[in-house]
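Examining the three-dimensional arrangement
The residues making up each chain are set out below.
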Amino acid sequence: MAKKILITGASSGIGEQTARYLSEQGYETILAARNKEKLYRMADELSSPTNVFPIDLTELKKIEDIFMFCQEKNIVLDGLVHCAGIARHNSVKMNDIEDMQATFRLNYDAFVELVKYFSERRYSAKGSSIVVISSLASVICRATALNYSSSKAAVNAAVKVMAKELGRRSIRVNSILPGYVITPMTAGDRLTNDVKNTQPFGFIEPEYIAYMIEFLLSDKAKFITGANIPISGGMSF
């Protein structure tokens, strides 16, 4: 029986590539993102069974609706992949409270709420897997990346706590820490120059993140949990 995987941020970037790759591998996917039109187009294009749930994950009180939708469809989830996220550049001196709260709300708060509901027996299977996209920014902590780096560092810590708490149901929790990946979020000449100077292998194609995600969802990774796994492209960290 095909594993059923909930993917957030599924309409673009790493989330979209993950949805497409998992579909090719025969997984049944539930796609969550704000872009309703894009989600439905993807559902028509994907080869394996696909359900769509348009949602703004910053509306934290609506997150349980995703799981209630799955329950109504008789879907018991085998995996959760949280790809949704935002990256904004700011310094300590120029910090904006609303920007800080927005960054944490999607990158960290939404992830915690997703896992809270996913961990319930009625919504997920024993032995299931959770994967969240963090970032090497959580380790490198460059200037002007205050809120982004901090939010991803919080995710890394949450992964370790969650792995210990959810281990009783054999639910594994891991994060992936990519360097610079080719996504709409990383477009721009400034980043292109940064990559040339700091990431010897160049930009990482998003499908290589999807490959690691699929591995962590699979039974091949049944003994891996609580890990923050870098995909660095040769970047020093």
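Let us look at the structure shown here. Just so it is clear, the model here is predicted, and its values are computed rather than measured.

1. What to know about the overall build of the chain
What the chain contains, in helices and strands, is eight helices and seven strands. Taken over the C-alpha atoms alone, the chain extends approximately 50 × 35 × 30 Å along its principal axes. Within the chain, buried positions represent 52% of all 237 residues. A fraction of 69% describes how many contacts in the chain between residues 6 or more apart in sequence connect residues 24 or more apart. Element-wise, carbon and sulfur atoms account for 52% of the exposed surface of the chain, whose accessible area totals about 11500 Å². Put simply, the chain has 28 plus and 25 minus side-chain charges, and the middle of one group is 6 Å from the middle of the other.

2. Things to note about the packing of aromatic side chains
For any pair of aromatic rings, the description consists of the separation of the ring centres together with the inter-plane angle of the planes. Taken as a whole and judged by the stated rule, the model has six aromatic pairs. Between Phe53 and Phe69, the aromatic rings sit 5.2 Å apart at their centres with planes inclined by 55°, giving tilted as the arrangement. Taken together, the residues Phe53 in strand β3 (residues 50-54) and Phe69 in helix α3 (residues 63-72) connect sequence positions 16 residues apart. Take Phe53 and Phe69: they sit in the same class, and that class is buried. Relative to Tyr123, the ring of Phe67 has its centre 5.5 Å away and its plane inclined at 45°; by these criteria the two rings are tilted. In this pair, Phe67 sits in helix α3 while Tyr123 sits in the loop between α4 (97-118) and β5 (124-133), placing the two residues 56 residues apart along the sequence.

Parameters and conventions
Residues numbered from 1 in each chain as written. Predicted model: local features only at pLDDT ≥ 70, side-chain atom pairs only at ≥ 80, totals over all residues. Heavy atoms only, no water. Helix = DSSP H or I, 4+ residues; strand = E, 2+ residues; numbered from the N terminus. Buried < 20%, exposed > 50% of the residue type's maximum accessible area, 1.4 Å probe, protein only. Contact = heavy atoms within 4.5 Å. Areas by Shrake-Rupley, 256 points an atom, 1.4 Å probe, with all protein chains shown as cover. Lys, Arg positive; Asp, Glu negative; His and termini not counted. Charge placed at Lys NZ, Arg CZ, Asp CG, Glu CD. Phe/Tyr/Trp six-rings, centres within 6.5 Å; stacked < 30°, edge-to-face > 60°.

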